[in-house]
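Residue-level structure breakdown
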Amino acid sequence: MIKKILIANRGEIAVRIVRACAEMGIRSVAIHSDADRYALHVKRADESYNVGSDPLAGYLNARQLVNLAVETGCDALHPGYGFLSENAELARVCSERGIRFIGPSAEVISRMGDKTEARRSMIAAGVPVTPGTEDNLKDLQDALSEAERVGYPVMLKATSGGGGRGIRRCNSKEELEQAWPRVISEATKAFGSADVFLEKCIVNPKHIEAQILADSFGNTVHLFERDCSIQRRNQKLIEIAPSPQLTPEQRAYIGDLAVRAAQAVGYENAGTVEFLLADNEVYFMEMNTRVQVEHTITEQITGIDIVREQIRIASGLPLSVKQEDIEHRGFAIQFRINAEDPKNDFLPSFGKITRYYAPGGPGVRVDTAIYTGYTIPPYYDSMCLKLIVWANNWEDAMDRGYRALDDMHLHGVKTTEVYYQQILKNPDFRSGVFDTSFVDTHPELTNYSTKNKPEALALAIAGAIAAYAGL
Ligand code: ADP
Ligand code: ADP
Ligand code: MG
């Protein structure tokens, strides 16, 4: 069994992994840049090490990270999400140095991290895939003729892309010509590869993804699906489990497809198979070979601790559950509270959190690394808190979400919280029938006032608590 884990990440996911370690009696080692010296994951882990003054370099240096794991007596490394989590080199160096990588093998990561190779594997396995190119595009001429074949609109995509970047919808030949140099330059800058391909653009699809777990004994299960259709710029904002828009038959079909996809590539550990759903057709989009930001909502509806299962699998233990024992109950919703201004095209709003008061009460979970007085550094993701609510049915889950967003006080930076309350009041959202166009087709939802949540109220609550505690 794993005894000590180096957490090659930061922020809320590092805190999440520390929590799993603490419950399993495993020692945790955090890393941090200078900018992250005062971060919560550093304070919560058993040990922590500075990996350099540069805000990013230390989190992205595979060899240095594995050296540190060896030097500090760790026997495993958890990559979290983002950073090197889908980097085959990190998994390879870990296995060379006798450190267990908490994720799939380097071979599977490279295969699924390359979107065109993943598409070919899925076609071979009989999984329906979004129509598109089999290979990377050679040049603009190739792109134009492929687009003609597939039919506009098309999506031009970075082959090693992620996080919603390196994707552009092109409605015509002219748009494709314009997008071509931009996507290539974005892909090169963000992912270090100029490879691109194209897919048919599925118009107004639902983003449905299935969580899977696979152990080293050949057991693969799915934990049902998540609906991540509420997005801006191809990035998720609100996630729901299970999807309120699926029939039980569709749910079973998608779960089985995800298991088939994972088995086809010899997948081990936790992973997510992402699909698009439109007009009752399901298309494989990509597989994320790591823990997902929104794994939380699946934990809430199934009661299964996904990070714990990841660590167990990497320790060589079998899955603690069988498919027939996995059930889901009620609905869970995750709100990604981003330090961004929805009124200003979601422009990031970094800075000091002058006051934070956590929501609570029944069915409420918060995964975050922020606290009052913490300064959100400008170098990293703008997501600063995940608010997760659970209730027995869809209506109650939405009402609980609204209430929990009201409960929460986060001042000093602009955030998405009041915007989410507008979504929760919207009849189209409430009806449970929406697709990835929702944010763009409801621009009026950014016309809200934040006046009813003054910082004075948060201060008064803090004052009352301090007075009661005799501070
Ligand atoms: P999820 O797929 O778990 O919903 P996101 O797409 O929101 O996650 O990405 C989670 C984090 O990982 C974000 O900070 C995102 O920018 C980053 N990320 C995702 N994929 C990549 C990638 N291929 N390269 C670099 N960063 C990535
Ligand atoms: P990433 O690796 O950045 O997560 P994905 O391939 O998962 O990229 O796509 C991100 C989002 O972009 C999807 O959730 C969806 O909203 C949109 N998208 C991607 N491909 C298509 C497509 N072929 N048709 C329509 N929308 C798409
Ligand atoms: Mg994706």
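Model, not experiment: these values are computed from the prediction. (Residues numbered from 1 in each chain as written. Chains lettered and ligands numbered in written order. Predicted model: local features only at pLDDT ≥ 70, side-chain atom pairs only at ≥ 80, totals over all residues. Heavy atoms only, no water.)

Before going further, it helps to spend a moment on the packing of helix 7 (residues 140-150) against helix 8 (residues 173-191). Angle between the axes and distance between the axes: these two values describe a pair of packed helices. Direction vectors running N to C along helix 7 and helix 8 enclose 145°, while the axes themselves pass 10 Å from each other. Judged by the twist between their axes, the crossing of helix 7 over helix 8 is right-handed. Touching Leu140, Ala143, Leu144 and Ala147 of helix 7 are Lys173, Leu176, Glu177 and Trp180, all from helix 8. Of the residues that constitute the contact of helix 7 with helix 8, the class distribution is six nonpolar, no polar and two charged. (Axes fitted to C-alpha atoms, helices over the stretch in contact; angles between N-to-C directions. Helix = DSSP H or I, 4+ residues; strand = E, 2+ residues; numbered from the N terminus. Left-handed = near helix turned anticlockwise from the far one by under 90°. Contact = heavy atoms within 4.5 Å. Nonpolar A, V, L, I, M, F, W, Y, C, P; charged D, E, K, R; others polar.)

What follows deals with the site of ligand 2. Residues in close proximity to ligand 2 total 22 residues, the closest being Lys115, Gly164, Glu199, His207 and Gln231. With respect to ligand 2, the backbone of Gly163 contributes an N or O atom lying 3.3 Å from an oxygen atom. One of the side-chain nitrogen or oxygen atoms of Glu274 is found 2.8 Å away from an oxygen atom of ligand 2. Alone, ligand 2 offers 550 Å² of accessible surface; in the complex the protein occludes 95% of this. Among the secondary structure elements, those contributing two or more residues to the shell around ligand 2 are strand 6 (154-158), strand 8 (196-200), strand 12 (269-278) and strand 13 (281-288). Partitioned by chemical class, the residues of the shell around ligand 2 number seven nonpolar, nine polar and six charged. (Near = heavy atom within 4 Å. Polar contact = N/O pair within 3.5 Å; in protein donor to acceptor, adjacent residues only side chain to side chain. Areas by Shrake-Rupley, 256 points an atom, 1.4 Å probe, with all protein chains shown as cover.)

Now for the coordination of the magnesium ion (ligand 3). Note on metal geometry: ideal angles are 109.5 degrees for four donors arranged tetrahedrally and 90 or 180 degrees for six donors arranged octahedrally. For the magnesium ion (ligand 3), the full set of protein donor atoms is Glu274 (OE) and Glu286 (OE), at a range of 2.0 to 2.1 Å. With Glu274 in strand 12 and Glu286 in strand 13, this pair connects stretches of sequence that are twelve residues apart. Residue Glu274 is classed as buried on the basis of its relative accessible area, which comes to 3%. Assessed through its relative accessible area of 13%, Glu286 is described here as buried. (Donors = N, O, S within 2.8 Å, 3.2 Å for Na, K, Ca; no water. Buried < 20%, exposed > 50% of the residue type's maximum accessible area, 1.4 Å probe, protein only.)

Our focus in this paragraph is the pattern of salt bridges. Any two side chains of opposite charge can pair, given that their charged atoms come close. For the coordinates displayed, the defined rule picks out 31 salt bridges. The salt bridge partner of Arg251 is Glu225, with a shortest N-O separation of 3.0 Å. Placement of the pair is Arg251 in helix 9 (residues 248-264) and Glu225 in strand 10 (residues 220-232), with a sequence separation of 26 residues. For the residue pair Arg251 and Glu225, the accessibility class agrees, reading buried in each case. Two residues, Lys236 and Glu274, come together in a salt bridge whose shortest N-O distance is 2.8 Å. Here Glu274 lies in strand 12 and Lys236 lies in strand 11 (residues 235-241), a separation of 38 residues in the sequence. The exposure classification of Lys236 matches that of Glu274, with both residues buried. Within this structure, Glu209, Arg226, Lys236, Glu239, Glu274, Glu294 and Arg336 form a network of salt bridges that share partners. (Salt bridge = Lys/Arg side-chain N within 4 Å of Asp/Glu carboxyl O.)

Not every one of the 16 residues close to ligand 1 is listed here, only the nearest: Gln292, Val293, Glu294, Arg336 and Asp381. Here an oxygen atom of ligand 1 sits 2.9 Å away from a polar atom, N or O, in the side chain of Gln292. Separating an oxygen atom of ligand 1 from a side-chain N or O atom of Glu294 is a distance of 2.8 Å. Contact with the protein chains hides 79% of the accessible area of ligand 1, taken as 550 Å² for the molecule alone. Classifying every residue of the shell around ligand 1 by side-chain character gives three nonpolar, seven polar and six charged.

So, on to the UniProt feature "domain: ATP-grasp" (unreviewed entry) in the protein. Within this numbering scheme, the UniProt entry marks residues 119-315 as carrying the feature "domain: ATP-grasp" (unreviewed entry). A helix fraction of 36% and a strand fraction of 31% characterise residues 119-315, whose end C-alpha atoms lie 30 Å from each other. (UniProt positions renumbered as here; feature names shortened; annotations may be inferred.)

A word on the packing of helix 5 (residues 106-113) against helix 6 (residues 115-124). One can describe the packing of helix 5 onto helix 6 by two numbers: an axis separation of 5 Å at closest approach and a directional angle of 95°. Comparing their axes, helix 6 and helix 5 come out roughly perpendicular. Contact residues: helix 5 offers Arg111, Met112 and Gly113, while helix 6 offers Lys115, Glu117, Ala118, Ser121 and Met122. When grouped by side-chain class, the residues that make up the contact of helix 5 with helix 6 number three nonpolar, two polar and three charged. (Parallel < 35°, antiparallel > 145°, perpendicular 65-115°, else oblique.)

Our next topic: the sheet that holds strand 5 (residues 100-101). The five strands are arranged 3-2-1-4-5 in an open sheet whose pairing can be described as parallel. The sheet terminates laterally at strand 3 (47-50) and strand 5, the two strands that pair on one side only. As defined by bridge partners, strand 2 (residues 27-32) adjoins strand 3 across four bridges and the pair is classed as parallel. Paired with Ala30 across the two strands is Ser48, which belongs to strand 3. Along the sheet face, helix 3 (residues 62-71) touches strand 1 (4-7), strand 2, strand 3 and strand 4 (76-78) and points at about 155° away from the line of strand 1. (Pairing = 2+ DSSP bridges.)

Per the domain assignment, the segments of the protein are domain 1 (4-102), domain 2 (131-200) and domain 3 (206-446). Each of domain 1 and domain 3 was reduced to a C-alpha centroid, and the two centroids are 23 Å apart. Listed by partner, the interface residues are 33 residues for domain 1 and 32 residues for domain 3. Regarding the contact of domain 1 and domain 3, the summed buried area is about 2400 Å², with carbon and sulfur atoms giving 60% of it. At the boundary of domain 1 with domain 3, the tally comes to four salt bridges. Residue Glu12 is joined to Lys386 by a salt bridge in which the shortest nitrogen-to-oxygen separation is 2.9 Å. Across the domain 1-domain 3 interface, the total number found is eleven residue pairs in polar contact (both at pLDDT 80 or more). Elements that contribute at least two residues to the side of domain 1 that touches domain 3 include exactly helix 1 (11-24), helix 2 (40-44) and strand 5. Of all the elements, helix 1 adds the most residues to the side of domain 1 that touches domain 3, at ten residues. Residue composition of the side of domain 1 that touches domain 3, by class: 18 nonpolar, six polar and nine charged. (Domains from an automatic or database assignment. Buried area = accessible area lost by both parts, 1.4 Å probe.)

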